[in-house]
Amino acid sequence: LPASIKIHLKMEWVNPGGSIKDRTALSIIQAAIAAGNLLRGQTLIDATSGNTGIAYAMLGAALEIPVMLVVPGSASEERKRTLAAYGAHVVYSDPYEGSDGAIRLVRDLITDTDSNYFYADQYNNQANAVAHYTTTGPEIWDQISGALTHFVAALGTTGTLMGAGRYFRHRGTVELIGVQPAEAFHGIEGLKHLPTAIVPGIFDSSLPDRIEGVDTEEAFDAARTLARIEGYFVGSSTGANLAAAARIGSDLAREGEAGRIVAVGCDGGSRYLSTGLWELD
């Protein structure tokens, strides 16, 4: 890419729980405690593809909050072992149904009148997006000195794009790009193919300027290349964001335009060592 186009990576894997979902979980827990919705003795329960669950489990251990999670059976072995290390109680849903299967199962496990549980409901909880409006967005804006032209975020719960995207809308002209798997059946853990998935309640389809579809192998290749060329060890969702960012950069270069693109580095690569991402020849 020409010097007029810069791609920046927001390194969220350095959070204490290892992913951007630390922000989500903390915001949800703080809001629930403040509102009196999460009381001492109650168990926090939610569906998660892994990273938010790890963040819940970490914070639950620190705050003495019992945590029960419904996780797709297809989650990486590293994620499963991390959840066990933090002491979370985990129920596994159908591995072939992904995060949607976990959502359906957690809804079957509890009722609205069950006072023993606080259902965090990250896919429909506005505290998810608030986390990124109040932290992720301002941090990026300050770190890039307001020179941002494009923001690229993968779509799982969609909280990152919804929260940070709204912040950028209020600060200047920034193109907002969501990233989803190109097909319904994919290997990018944590991401949703929105046309065929349960769409999160917090998702506002009018906010993104466009949504880029990324193939699994394209995401994997970007993550592997980043490790070998730049020395950053990332997961497949980060690879998807980088692949989309590189595509945007190439389009800008072809049109002779400048750009400062920020892509979200969702988590690190060590959570995927047992997956196809790092099955290399």
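Residues numbered from 1 in each chain as written. Predicted model: local features only at pLDDT ≥ 70, side-chain atom pairs only at ≥ 80, totals over all residues. Heavy atoms only, no water.

1. Describing the overall build of the protein chain
Inference 1: What the protein chain contains, in helices and strands, is eight helices and nine strands.
Inference 2: Across its three principal axes, the protein chain shows a C-alpha extent of roughly 60 × 45 × 35 Å.
Inference 3: For the protein chain, with 281 residues in total, the buried portion stands at 54%.
Inference 4: Across the protein chain, every contact between residues at least 6 apart in sequence was considered, and the portion connecting residues at least 24 apart equals 74%.
Inference 5: Where the 21 positive side-chain charges of the protein chain centre and where its 32 negative ones centre are 4 Å apart. (Helix = DSSP H or I, 4+ residues; strand = E, 2+ residues; numbered from the N terminus. Buried < 20%, exposed > 50% of the residue type's maximum accessible area, 1.4 Å probe, protein only. Contact = heavy atoms within 4.5 Å. Lys, Arg positive; Asp, Glu negative; His and termini not counted. Charge placed at Lys NZ, Arg CZ, Asp CG, Glu CD.)

2. Things to note about empty space enclosed by the protein
Inference 1: Under the defined criterion, the tally for this structure stands at one cavity of 30 Å³ or more.
Inference 2: Space inside the largest cavity adds up to approximately 270 Å³.
Inference 3: Of all elements in the fold, only α2 (51–63), β6 (150–154) and α6 (159–171) reach the threshold of two or more residues within the lining of the largest cavity.
Inference 4: Counted by class, the lining of the largest cavity contains nine nonpolar, 14 polar and four charged residues. (1 Å grid on protein atoms, 1.4 Å probe; cavity = no way out; pocket = protein on both sides within 12 Å on 5 of 7 lines; lining within 4 Å. Points joined across faces, edges and corners; volume = space filled by probe spheres on them. Nonpolar A, V, L, I, M, F, W, Y, C, P; charged D, E, K, R; others polar.)

3. Topic: the packing of helix α7 (residues 216–229) against helix α8 (residues 236–254)
Inference 1: It is the contact of α7 with α8, at a shortest axis distance of 7 Å, that shows an interaxial angle of 95°. With respect to α8, the element α7 is oriented roughly perpendicular. Between α7 and α8, the residues in contact are Glu218, Ala219, Phe220, Ala222, Ala223 and Leu226 and Ser236, Gly239, Ala240, Leu242, Ala243 and Arg247, respectively.
Inference 2: Grouping the amino acids of the contact of α7 with α8 by side-chain chemistry returns eight nonpolar, two polar and two charged. (Axes fitted to C-alpha atoms, helices over the stretch in contact; angles between N-to-C directions. Parallel < 35°, antiparallel > 145°, perpendicular 65-115°, else oblique.)

4. Things to note about the sheet that holds strand β4 (residues 89–93)
The strands making up a sheet associate through backbone hydrogen bonding, with each pair oriented either parallel or antiparallel.
Inference 1: Taken in spatial order, the four strands of this open sheet run β4-β3-β2-β5, and their pairing is parallel. Either end of the sheet is taken by a strand with one partner, and the two such strands are β4 and β5 (117–119). Each strand axis lies, on average, 25° off the axis of its neighbour in the sheet, ignoring direction.
Inference 2: As paired strands, strand β2 (residues 43–47) and strand β3 (residues 67–72) are joined by four bridges and run parallel to one another. Across the sheet, the residue bridging to Leu44 is Val67, located in β3.
Inference 3: Contacts between helix α4 (residues 98–109) and the sheet are confined to β2, β3, β4 and β5, with β3 contributing the most and set at about 140° to the helix. (Pairing = 2+ DSSP bridges.)

5. A closer look at a nonpolar patch on the surface
Inference 1: On the surface, a nonpolar cluster with roughly 260 Å² of combined accessible area is contributed by Met11, Val14 and Tyr232.
Inference 2: With respect to the helices and strands, Tyr232 occurs in the loop between α7 and α8. (Patch = residues over 30% accessible without salt bridge, like charges linked within 9 Å, V, L, I, M, F, W, Y side chains within 5 Å. Areas by Shrake-Rupley, 256 points an atom, 1.4 Å probe, with all protein chains shown as cover. Salt bridge = Lys/Arg side-chain N within 4 Å of Asp/Glu carboxyl O.)

6. Overview of α7
Inference 1: Compared with an ideal rise of 1.5 Å per residue, which puts 14 residues at 20 Å, α7 spans 20 Å between its outermost C-alpha atoms and is within 8% of the ideal.
Inference 2: Turning to α7, its buried residues number three or more, namely Thr216, Ala219, Phe220, Ala222, Ala223, Arg224 and Leu226.
Inference 3: Tucked inside the fold, the buried residues of α7 contact β1 (5–11), β8 (210–214) and α8.
Inference 4: Gly231 sits one or two positions beyond α7 and adopts a positive phi of about 80°. (Expected span 1.5 Å × (residues − 1).)

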